[in-house]
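Spelled out, the chains give:
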Amino acid sequence: MDEVVHMKIEGTMAELLTKLDPKMYRKYLRNKKGKPVLYVQLKKALYGTLRAALLFWQNLSATLQEWGFEIYPYDWCVANKTINGEQCTIVWHVDDLEISHVSSKVVTEIIKQLQEKYGQEAPLTVNRGKIHDYLGMTLDFLSENKVRISMFDYISKLLTDLPEEFNGEAATPAANHLFEVNDEAKN
């Protein structure tokens, strides 16, 4: 990364980092208006931030274009290239990619190139086969010339992971206090 990135971390996250590694962070912890605050200089983009996603998109887009892919003008997270007379498509969301081509050898070669470019710090996670979990969706390619998309597993996990107090029914999504009137409020 060419530019210096400074970051302000406050509140619970600043406290958590300080507890996790007091030697590292305690000396940088400040108190601003009663809140713990850390000011840090990053050596590289922090994963999970909007800036990191943008930097990766810029890098991946440039790399794919160097490899002869064209970025689709209506969705900048889709790239296409004709390889061996057939279309190869790469779609992505942040750093989750789906690669498709009629030849599995072409997909393997692209994965190899991506591994060489991006798998230096840690190997890329590669899933192959006819069923994929992608962004909460299950993509099922078992039927020829068809794809079946569902979110049953994602929704089931979501419902299972909800806190106990979320069980039940409600006539409206509005919180109870929404209909309370504060008589002391100024008009």
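Below you will find a few notes about this structure.

### Points about the overall build of the protein chain
In step 1: If you tally the helices and strands in the protein chain, you get five helices and 10 strands.
In step 2: The globule rule puts the C-alpha radius of gyration for 187 residues at 16 Å, and the 24 Å found for the protein chain is more than 25% above it.
In step 3: C-alpha extents for the protein chain along the principal axes are approximately 70 × 50 × 35 Å.
In step 4: Split into buried and exposed, the 187 residues of the protein chain put 22% on the buried side.
In step 5: In the protein chain, 22 side chains carry a positive charge and 26 a negative one; their mean positions are 10 Å apart.

### A look at the packing of aromatic side chains
In step 1: Tallying each qualifying case throughout the model produces three aromatic pairs.
In step 2: Ring plane angle 65° and centroid distance 5.6 Å describe the contact between Tyr72 and Tyr74, whose orientation is recorded as edge-to-face.

### A word on the side chain of Thr89
In step 1: Tracing the backbone through its elements, the reader meets Thr89 in strand 6 (residues 86-93).
In step 2: Assessed through its relative accessible area of 15%, Thr89 is described here as buried.
In step 3: At 2.6 Å, the side chain of Thr89 and the side chain of Asn80 are in polar contact.
In step 4: Ignoring sequence-local partners within four residues, the contact set of Thr89 consists of Val78, Ala79, Asn80, Glu98, Ile99 and Ser100.

### Structural notes on the sheet that holds strand 5 (residues 78-83)
In step 1: Pairing in this open sheet of four strands is antiparallel, and the strands run 4-5-6-7 from one edge to the other. At either margin of the open sheet sits one strand with a lone partner, and together these are strand 4 (70-71) and strand 7 (96-100).
In step 2: Pairing of strand 4 with strand 5, which is carried by two bridges, proceeds in the antiparallel orientation. Within the sheet, the bridge partner assigned to Ile71 lies in strand 5 and is Ala79.
In step 3: The strands touched by helix 4 (residues 104-118) are strand 5, strand 6 and strand 7; relative to strand 7, the strand with the most contacts, the crossing angle is about 150°.

### So, the side chain of Glu98
In step 1: Along the chain, the position of Glu98 falls in strand 7.
In step 2: Among buried Asp, Glu, Lys and Arg side chains, Glu98 stands out as unpaired, with Arg128 the closest opposite charge at 10 Å.
In step 3: When neighbours within four sequence positions are excluded, Glu98 is seen to be in contact with Thr89, Ile90, Val91, His132, Tyr134 and Leu139.

### Focus on helix 4
In step 1: For helix 4, spanning 15 residues, the distance from its first C-alpha to its last is 20 Å, which sits close to the expected 21 Å at 1.5 Å a residue.
In step 2: Turning to helix 4, its buried residues are Val106, Val107, Ile110, Ile111 and Leu114. Taken end-on, helix 4 shows its buried residues confined to a sector of 135°, consistent with a single buried face. For helix 4, the exposed residues lying more than 90 degrees away from the buried face are Lys105 and Glu116.

Thresholds applied
Residues numbered from 1 in each chain as written. Predicted model: local features only at pLDDT ≥ 70, side-chain atom pairs only at ≥ 80, totals over all residues. Heavy atoms only, no water. Helix = DSSP H or I, 4+ residues; strand = E, 2+ residues; numbered from the N terminus. Rg over C-alpha atoms; globule rule 2.2 N^0.38 Å. Buried < 20%, exposed > 50% of the residue type's maximum accessible area, 1.4 Å probe, protein only. Lys, Arg positive; Asp, Glu negative; His and termini not counted. Charge placed at Lys NZ, Arg CZ, Asp CG, Glu CD. Phe/Tyr/Trp six-rings, centres within 6.5 Å; stacked < 30°, edge-to-face > 60°. Polar contact = N/O pair within 3.5 Å; in protein donor to acceptor, adjacent residues only side chain to side chain. Contact = heavy atoms within 4.5 Å. Pairing = 2+ DSSP bridges. Axes fitted to C-alpha atoms, helices over the stretch in contact; angles between N-to-C directions. Salt bridge = Lys/Arg side-chain N within 4 Å of Asp/Glu carboxyl O. Expected span 1.5 Å × (residues − 1). Arc of directions from axis to C-beta.

So far we have only geometry, and geometry alone does not tell us how the molecule works.
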